[in-house]
Amino acid sequence: MKLNIALIHYPTSPGGVEYMVINMAKALSELGHNITIISSRPMDRTLIENLYAITMEGVNNEVLPPPYHLRLAEILSAGRLVRLRRAAYVRYALEALRKLGEYDLIIDTQSNTLTPADISYIHYPAITPTYGEGLQYKIYNAIVKLYIGRFTGSPLLVLTNSTWTQEILRRVYKVKSVVLHPPIHADLYADIARIKEREERVITISRLTPEKNLDFILEVARYQKDLVFTIAGATTKHSEAYVERLKKKAKLVGVENVEIVENPTRGEIKDLLARSTYYLHPKFPEHYGIAVMEAIAAGCIPIVYASGGLWTDIVSRISEDLGYRTLNDVILVIRKLKENVQERERVRQKSFEIIRRLDYRHFKYRMNVIIRRVYEMKNVEDDIKRTYKHH
């Protein structure tokens, strides 16, 4: 069975959403299907390979430019209003693709809502605000909720990235969903995973933007002067002012043991991971967290905020002692790990066990099962529609 499958993609900035659509496309292509990523602008294959170490060989990319009003909204918002723009583009693309009738299945990995696609993949419900305070955010969230409410459909299958997101989705939409964790390419880190002699270094890999709460890393560093902290990640057009603010804040509070690495290459990230003993995730509930998974695969010990899919599905299963709620919790976790070499090694070995269950081969197997079942469901639905039409 060889299907023509379209995945809708609205590129904004590097991160988990883009990572997932590329892995889905790669897996389905390797399973023998004709795969096309429909995107609002051409995808940079070289950049993608550099960022994620994943090739798009065998994957087609067709550009469906957004309509004028959506392009205007992007310009006027200076790249903001991402939730609203993503939903609007997916709606536009779905309508266009349905009219074409060229695809057996259409997958929406972008809008974070229940759309009329065959499969909707939800990273986190778009109508549920994740950050921001004040009147402007309340107005924006109200607009998103109103717009998306008019666009909600009934996909044949809803997928989500963690049991934590699954529960939120159940409360918001009263629907059942299937958890499909984003895959980890652990083989990319096999040569450094077993390195035991590491620096007293803490690494955080994150997009360098305000919502990532990287100020918290400075607070920890302020009380852990015996450790070196590295914040590394991609920048956006809004990053320059934020990075400058972080540097000023570090200087103001006397933090000299933090370095910020902007737009590191894959090789630079791998080198930093190989040297680091700990990975510290900022203080907010992460829906999943690919960067943390890569750090675990590279042999770093994760310390994460004790909420979110990253905590419930991954880190808590390694050890519940690796979660924190407050700044003081982080300091205590690090202190205990520094004082107990055997515990560090036990945690690291348990981490490798968890990672093996989430590797790319397992992901591809599950994608194969999912696509076959959804296609069968769609055929049954089409038969029912034809029956009613003739009667």
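Residues numbered from 1 in each chain as written. Predicted model: local features only at pLDDT ≥ 70, side-chain atom pairs only at ≥ 80, totals over all residues. Heavy atoms only, no water.

Our next topic: the sheet that holds strand S10 (residues 258–262). Taken together, the six strands give an open sheet; going across it, the order is S10-S9-S8-S11-S12-S13, and neighbouring strands pair in parallel fashion. Because the sheet does not close on itself, it has two edges, and the strands there are S10 and strand S13 (323–324). (Pairing = 2+ DSSP bridges. Helix = DSSP H or I, 4+ residues; strand = E, 2+ residues; numbered from the N terminus.)

Tallied over the entire structure, the rule returns 23 salt bridges. The partner of Glu-167 in a salt bridge is Arg-170, with the nearest N and O atoms 2.5 Å apart. Of the two residues, Glu-167 and Arg-170 both sit in helix H6 (residues 163–173), three residues apart, roughly one turn of that helix. Put simply, Arg-275 and Glu-199 hold a salt bridge, and the shortest N to O gap is 3.0 Å. One end of the pair, Arg-275, is in helix H10 (residues 266–275); the other, Glu-199, is in the loop between helix H7 (190–193) and strand S8 (201–205), and 76 residues separate them in sequence. In this structure Arg-275 comes out as partly exposed when scored by relative accessible area, which is 27%. Residue Glu-199 is classed as partly exposed on the basis of its relative accessible area, which comes to 33%. One connected set of salt bridges, linked through shared partners, spans Glu-199, Arg-201, Glu-259, Asp-271 and Arg-275. (Salt bridge = Lys/Arg side-chain N within 4 Å of Asp/Glu carboxyl O. Buried < 20%, exposed > 50% of the residue type's maximum accessible area, 1.4 Å probe, protein only.)

Quick look at a positive patch on the surface now. Among the surface-exposed residues, Arg-194, Lys-196, Arg-317, Arg-356 and Arg-357 lie close enough to one another that they form a single positively charged patch. Considering the arrangement of structural elements, one finds Lys-196 in the loop between H7 and S8. (Patch = residues over 30% accessible without salt bridge, like charges linked within 9 Å, V, L, I, M, F, W, Y side chains within 5 Å. Areas by Shrake-Rupley, 256 points an atom, 1.4 Å probe, with all protein chains shown as cover. Lys, Arg positive; Asp, Glu negative; His and termini not counted. Charge placed at Lys NZ, Arg CZ, Asp CG, Glu CD.)

Per the stated rule, a full pass over the model turns up one cavity of 30 Å³ or more. Looking at the largest cavity, its volume works out to about 30 Å³. In terms of lining, the largest cavity is formed by His-9, Tyr-10, Pro-11, Thr-12, Ser-13, Val-17, Glu-18, Arg-86 and Gln-110. (1 Å grid on protein atoms, 1.4 Å probe; cavity = no way out; pocket = protein on both sides within 12 Å on 5 of 7 lines; lining within 4 Å. Points joined across faces, edges and corners; volume = space filled by probe spheres on them.)

Attention shifts here to the sheet that holds strand S6 (residues 157–160). Overall, parallel pairing links the seven strands, which are arranged S3-S2-S1-S4-S5-S6-S7 in an open sheet. The open sheet has two free edges, formed respectively by strand S3 (59–63) and strand S7 (178–179), since each of these has just one partner strand. Relative to S7, S6 runs parallel, the two being bridged by two bridges. Across the sheet, the residue bridging to Leu-159 is Val-178, located in S7. Sheet strands in contact with helix H1 (residues 16–30) are strand S1 (4–9), strand S2 (34–39), S3, strand S4 (105–108), strand S5 (119–122) and S6, and its direction is about 170° off that of S1. (Contact = heavy atoms within 4.5 Å. Axes fitted to C-alpha atoms, helices over the stretch in contact; angles between N-to-C directions.)

What follows covers the layout of surface pockets. Of the pockets and cavities examined, the second largest pocket occupies roughly 290 Å³. Lining the second largest pocket are 15 residues, with Ala-186, Asp-187, Ala-190, Ile-355 and Arg-356 sitting closest to its centre. Secondary-structure elements contributing two or more residues to the lining of the second largest pocket are H7, helix H14 (341–356) and helix H15 (360–390). Considering every element that reaches the lining of the second largest pocket, the biggest residue donor is H14, with three residues. Its residues assigned to classes, the lining of the second largest pocket shows nine nonpolar, one polar and five charged. (Nonpolar A, V, L, I, M, F, W, Y, C, P; charged D, E, K, R; others polar.)

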